[in-house]
Amino acid sequence: MSSVTAMSLDRAGFGADVFDAFIAGRKEPAWMLDARRAAFEQYLNLLADDLDPEEWKRVDLRVFNAAKFRPLNAAGQESGKPAAMTLLRDQAEYGGSIAHVDGHTAHCHLTPEIAAQGVLFGDLATLLAEHPERLRPYFMSQAVRPGTDRLSAWHAAFWTSGTLLFVPRGVEVELPLHSLISHTQNGVADFGHTLIILEDEARATLLEETASADPNAAGLHVGCVELIVGRHANLRYVQLQNWNQQTWHFAHQAGNVDAAGSLQWTVVGLGSRLAHIHQDVNLNGRAATAEVNGVTFTSDRQKISYYTQQHHRQQGTRSDLLYKEVLRDDSRVIWRGMIKVDPAGQQTDGYQRSDALMLSDSARCDSIPGLEIEADDVRCTHGATTGRVDKDQVFYCMSRGLSRQEAMHIIVEGFFQQVYDRIPIEVVRETLSRTVQGKLGIEAVA
Amino acid sequence: MSSVLKISDLHVSVGETPILKGVNIEIRQGEIHALMGPNGSGKSTLAYALAGHPNYHVTDGSIEIDGVNITEMEADERARLGMFLAFQYPVVIPGVKVADFLRHAISNIRNPERKEGEGLIGMREFRKEIRERMDELGMDPEFARRYLNDGFSGGEKKRMEILQMAMLQPRFAILDETDSGLDSDAVRVVSEGLARLSGPQMGVLIITHHERLLEFNPPQFTHVMLGGRIVETGDASLAHDLHANGYATVRQRHPDAAAENARAEQPTTV
Ligand SMILES: Nc1ncnc2c1ncn2[C@@H]1O[C@H](COP(=O)(O)OP(=O)(O)O)[C@@H](O)[C@H]1O
Ligand SMILES: [Mg+2]
């Protein structure tokens, strides 16, 4: 299939002219520009390589044309475009917030009390330039590396704006922080990057969302999320992807958890035309734990694909992944999951499960769990189900006076409730519940 | 004026297989009817057909409430007209809290014109009501926060059916073996619960194999089903007699229906 094969630069559409124009406008330190140039070289070389078929063979990229998208010199707000609607920002009290518009940081704020504790939060490029010795060792060198594949290299060459959160050792940030990645203009290519570093014993929560201001404007997001969780640190990170249905979303996302650290990571996929997320959880230190929650609700002709990996590299580590998908209309979801246990990963406790609920005959879901275990004393379980709304459940609800439609809706909400129950942040649970209700109510469910 | 549920010459098929072959029963509000019969005789089929299960096709005859033909109505419309079925096998609905489910149900039953998205019954009023009903049934208030029938024991599920009946206050209630598979304490709770709820406002059809439920709720009428037909109707003493002596004499009196029932029992009964 063409999607996994090598690609000519003509088809990829991001040649040296585009790159030169892009970096010409950037006032960045030499090391950053050098890294971009090196990544661009890698990108050109990687275009000639096939994408990993395990990861990509079910993702059809034939109609994707990158040449239709370009990094933009100015954010839409400056050109008078309306701002994107956010689902989360006005729903809770935040300790800080940042907003990116069309690949440019438009606004950024951190309460002085939190800043006074040495927390860094704001525009990635600015903070990287200001604190290179502290931050550079983390940037695209531990969790996601530029040379992983075509997309990571593409991102490393062109990363536009980004959110950085750095929490020093022992600092606990109680209030959540908010990050918005938004598009306002047709044809925008944004390469947003999120880098979170929690030093040992630090705690923080970041709620991030993506949104489009214009439901009809086509957009491209080639993103990267890097979560670095130190020893005994605890990070709660949510990314709520809510692009319009004209947006392509590709992302490498990885979380590294050190000894006795814990990561609670929630991935929500509601929007986009086609999304592919490569999500890695690396349990790098003894007794590190990760809980991964997925909430996906597709409709129309949307396609959302996940490639998830829970990598147990040390003793006594625990991972627990639960993805729930609801599919309407002609939409499609792909989940390819893997639990990997290294020889050092004795007494691993690994769990992964994906449950899909199909609301129409023409929706399609592929869920493929997998295990690769090289230690002998482990407990790993996996499972995947796909099914339709149970007719007996519908009848039972109707026999209590609920209309067919209301019965379907309550059953779907109940289906998601099981993953909401694992999300430790009330505003996220409530927002998801409300948003899912909204998406259910768009039109009659089959 | 008291309402009447009238079942006339009801024929019901599952798929291509005819199960009920002309059932006639008339139930008035305030009456208690017992429906008995051996396994596979069609009791649950009648219950599902009355509630409007889409797999149970009425091929002939009719079901009416006060002269309104409900045979073609969907289950939710029937429920809003006051029909209630306590399921023999209550369904698990994961992730849906008992309280949320019942609040939706009650809002529709009390406001039959309600459309989805329109207001639900007030939270305070509802909470007070569910707490009182649960208390009467000796249920832990914690139950309201559990997911509907998820992980419930057999007895808890049956009690949940009675709780729903208590909340929805139907005009006509069908209890399909609500007393089966329960220990004697649970049977007592369910029996007393029903006795408290039934009254001049409720017509009840009790499907049972046991005596306890009928002791607490003595029927005015007992119907015996065999091979998809009501073959005998009597008073409470008929139920008593069947409990004491089984169905052998009924089979002897109705050999044709008994033969049909025997055929029906060949496949595994539901
Ligand atoms: N859903 C169904 N699918 C197939 N056969 C059914 C179904 N429901 C009932 N039957 C058949 O109808 C007959 C009557 O069953 P049922 O009404 O459950 O009897 P009872 O409740 O008196 O034991 C049985 O032969 C049973 O196998
Ligand atoms: Mg039965």
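Definitions and limits used
- Residues numbered from 1 in each chain as written.
- Chains lettered and ligands numbered in written order.
- Predicted model: local features only at pLDDT ≥ 70, side-chain atom pairs only at ≥ 80, totals over all residues.
- Heavy atoms only, no water.
- Helix = DSSP H or I, 4+ residues; strand = E, 2+ residues; numbered from the N terminus.
- Rg over C-alpha atoms; globule rule 2.2 N^0.38 Å.
- Buried < 20%, exposed > 50% of the residue type's maximum accessible area, 1.4 Å probe, protein only.
- Domains from an automatic or database assignment.
- Buried area = accessible area lost by both parts, 1.4 Å probe.
- Salt bridge = Lys/Arg side-chain N within 4 Å of Asp/Glu carboxyl O.
- Polar contact = N/O pair within 3.5 Å; in protein donor to acceptor, adjacent residues only side chain to side chain.
- Nonpolar A, V, L, I, M, F, W, Y, C, P; charged D, E, K, R; others polar.
- Donors = N, O, S within 2.8 Å, 3.2 Å for Na, K, Ca; no water.
- Expected span 1.5 Å × (residues − 1).
- Contact = heavy atoms within 4.5 Å.
- Pairing = 2+ DSSP bridges.
- Axes fitted to C-alpha atoms, helices over the stretch in contact; angles between N-to-C directions.

### A word on the overall build of chain B
Here is step 1: Counting secondary structure elements, chain B contains 10 helices and 10 strands.
Here is step 2: Expected size for 270 residues packed as a compact globule is a radius of gyration near 18 Å; at 18 Å, chain B falls within 12% of this value.
Here is step 3: Here the C-alpha coordinates of chain B stretch approximately 55 × 40 × 40 Å along the principal axes.
Here is step 4: Across the 270 residues of chain B, 53% fall into the buried class.

### A closer look at the domain arrangement of chain B
Bring the parts together and some accessible area is lost; that lost area is often taken as the interface size.
Residue and element names in this part refer to chain B.
Here is step 1: Domain parsing of chain B yields domain 1 (4–90 + 170–265) and domain 2 (91–151).
Here is step 2: For domain 1 versus domain 2, the separation of C-alpha centres amounts to 26 Å.
Here is step 3: Looking only at domain 1, the three residues that lose the most surface to domain 2 are Arg-80, Pro-90 and Arg-196, adding up to 70% of its buried area.
Here is step 4: Here domain 1 and domain 2 share zero salt bridges between them.
Here is step 5: There are four residue pairs in polar contact (both at pLDDT 80 or more) connecting domain 1 and domain 2.
Here is step 6: Taken together, the elements giving at least two residues each to the side of domain 1 that touches domain 2 come down to helix H2 (75–80) and helix H6 (184–197).
Here is step 7: Looking at which element gives the most residues to the side of domain 1 that touches domain 2, the answer is H6, with three residues.
Here is step 8: For the side of domain 1 that touches domain 2, the residue count by class is four nonpolar, one polar and two charged.

### Side note on the coordination of the magnesium ion (ligand 2)
Residues and elements named next belong to chain B.
Here is step 1: Here the magnesium ion (ligand 2) is held by the protein donor atoms Ser-44 (OG) and Gln-88 (OE1), which lie 2.0 to 2.6 Å from it. Remark: Gln-88 occurs in the loop between strand E6 (83–86) and helix H3 (98–110) and Ser-44 occurs in helix H1 (residues 43–51); sequence separation between them is 44 residues. Like Gln-88, Ser-44 is buried.

### Section: helix H5 (residues 154–168) of chain B
All names here are of chain B.
Here is step 1: End to end, H5 covers 21 Å across 15 residues, agreeing with the expected 21 Å (1.5 Å per residue, within 8%).
Here is step 2: Burial runs high along H5: 11 of the 15 residues are buried.
Here is step 3: Listed in full, the buried residues belonging to H5 are Gly-155, Lys-158, Met-160, Glu-161, Ile-162, Leu-163, Gln-164, Met-165, Ala-166, Met-167 and Leu-168.
Here is step 4: Positive backbone phi, approximately 45°, marks Gln-169, located one or two places after H5.

### Topic: the interface of chain A and chain B
Here is step 1: On the chain B side, the residues contacting the 22 residues of chain A number 36 residues.
Here is step 2: For the pair chain A and chain B, the summed buried area comes to about 2,300 Å², and 60% of that belongs to carbon and sulfur atoms.
Here is step 3: Broken down residue by residue, the surface that chain A buries against chain B is led by Phe-395, Tyr-396 and Arg-400 of chain A, which jointly contribute 35%.
Here is step 4: The interface formed by chain A and chain B holds three salt bridges in total.

### Here we look at the sheet that holds strand E5 (residues 177–183) of chain A
All names here are of chain A.
Here is step 1: With mixed pairing, 10 strands are arranged side by side in an open sheet as E2-E1-E5-E8-E10-E12-E14-E16-E18-E21. At either margin of the open sheet sits one strand with a lone partner, and together these are strand E2 (104–110) and strand E21 (379–388). Put simply, the sheet's adjacent strands are angled 5° from each other on average, direction ignored.
Here is step 2: As paired strands, strand E8 (residues 203–212) and strand E10 (residues 234–242) are joined by nine bridges and run parallel to one another. Looking at E10, one finds that Ala-211 is bridged to Asn-242.
Here is step 3: Seen against the sheet, helix H11 (residues 426–440) touches E8, E10, strand E12 (262–269) and strand E14 (289–298) and runs at an angle of roughly 20° to E14.

### Topic: unusual backbone geometry
All names here are of chain A.
Here is step 1: Positive phi outside glycine occurs at Glu-201, with the angle close to 65°.
Here is step 2: Considering the arrangement of structural elements, one finds Glu-201 in the loop between strand E7 (193–198) and E8.
Here is step 3: On the basis of relative accessible area, Glu-201 is assigned to the partly exposed category, the value being 38%.
Here is step 4: Phi is positive for Gln-347, which is not a glycine, with a value near 55°.
Here is step 5: Within the element layout of this structure, Gln-347 appears in the loop between strand E17 (332–341) and strand E18 (349–358).
Here is step 6: The partly exposed category is assigned to Gln-347, whose relative accessible area is 39%.

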